[in-house]
Amino acid sequence: MQTASHDQFIQTIIPPIGKTLSERYGFFGEFSIDAAVSKTGQYYIYEVNSKPMSFDEPEIESAKIAQLCRLFCQLAKNDI
């Protein structure tokens, strides 16, 4: 279930993870995170995945494809 706390957690961790990946390995246009929250409200990151993957949930898969399209368009504009 999406909550304000979950959104805040994601918005807080995404920029430093993306920055670290790009600094270490070069540009990363997409990555995913496997994370969970405990019964006591503690957030845990299990892993960061650097390769695009398919999701079983249609709304997540659609959002992923839309984000990839935005990224590709942005990158194409920068190459012109």
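Residues numbered from 1 in each chain as written. Predicted model: local features only at pLDDT ≥ 70, side-chain atom pairs only at ≥ 80, totals over all residues. Heavy atoms only, no water.

### So, the nonpolar core
Thought 1: Phe9, Ile13, Ile17, Leu21 and Ile33 form the largest nonpolar core, which has five residues in total.
Thought 2: Here the element with the most residues in this core is helix α1 (residues 4–25); it accounts for four residues. (Core = buried A, V, L, I, M, F, W, Y, C linked by side-chain atoms within 4.5 Å. Buried < 20%, exposed > 50% of the residue type's maximum accessible area, 1.4 Å probe, protein only. Helix = DSSP H or I, 4+ residues; strand = E, 2+ residues; numbered from the N terminus.)

### A short note on the pattern of salt bridges
Thought 1: This structure, assessed with the given rule, holds two salt bridges.
Thought 2: Across the pair Lys19 and Glu23 runs a salt bridge, and its minimum N-O distance is 3.8 Å. Of this pair, Lys19 and Glu23 both sit in helix α1, four residues apart, which is roughly one turn of the helix.
Thought 3: Between Glu61 and Lys64 there is a salt bridge, with the nearest N and O atoms lying 3.4 Å from each other. Residue Glu61 and its partner Lys64 are both found in helix α2 (residues 58–79); the two are separated by three residues, about one turn of the helix. In this pair, the class of Glu61 matches that of Lys64, namely buried. (Salt bridge = Lys/Arg side-chain N within 4 Å of Asp/Glu carboxyl O.)

### Let's talk about the pairing of strand β1 (residues 32–37)
Thought 1: Sheet topology places β1 next to strand β2 (residues 43–49); six bridges connect them, and they run antiparallel. Following the sheet pairing, Asp34 is matched in β2 by Glu47.
Thought 2: What sits between the antiparallel neighbours β1 and β2 is a turn of five residues, in which Gly41 has the positive phi angle 95°. (Pairing = 2+ DSSP bridges.)

### Section: the environment of Thr40
Thought 1: Within the element layout of this structure, Thr40 appears in the loop between β1 and β2.
Thought 2: Overall, Thr40 belongs to the exposed group, its relative accessible area being 74%.
Thought 3: Among the polar contacts listed, one links the side chain of Thr40 to the side chain of Ser38, at a separation of 2.9 Å. (Polar contact = N/O pair within 3.5 Å; in protein donor to acceptor, adjacent residues only side chain to side chain.)

### Here we look at the packing of aromatic side chains
Thought 1: Scanning the model with the defined rule gives one aromatic pair in all.
Thought 2: On the numbers, 4.3 Å between centres and 15° between planes, the contact of Phe9 with Tyr43 is stacked. With Phe9 in helix α1 and Tyr43 in strand β2, this pair connects stretches of sequence that are 34 residues apart. (Phe/Tyr/Trp six-rings, centres within 6.5 Å; stacked < 30°, edge-to-face > 60°.)

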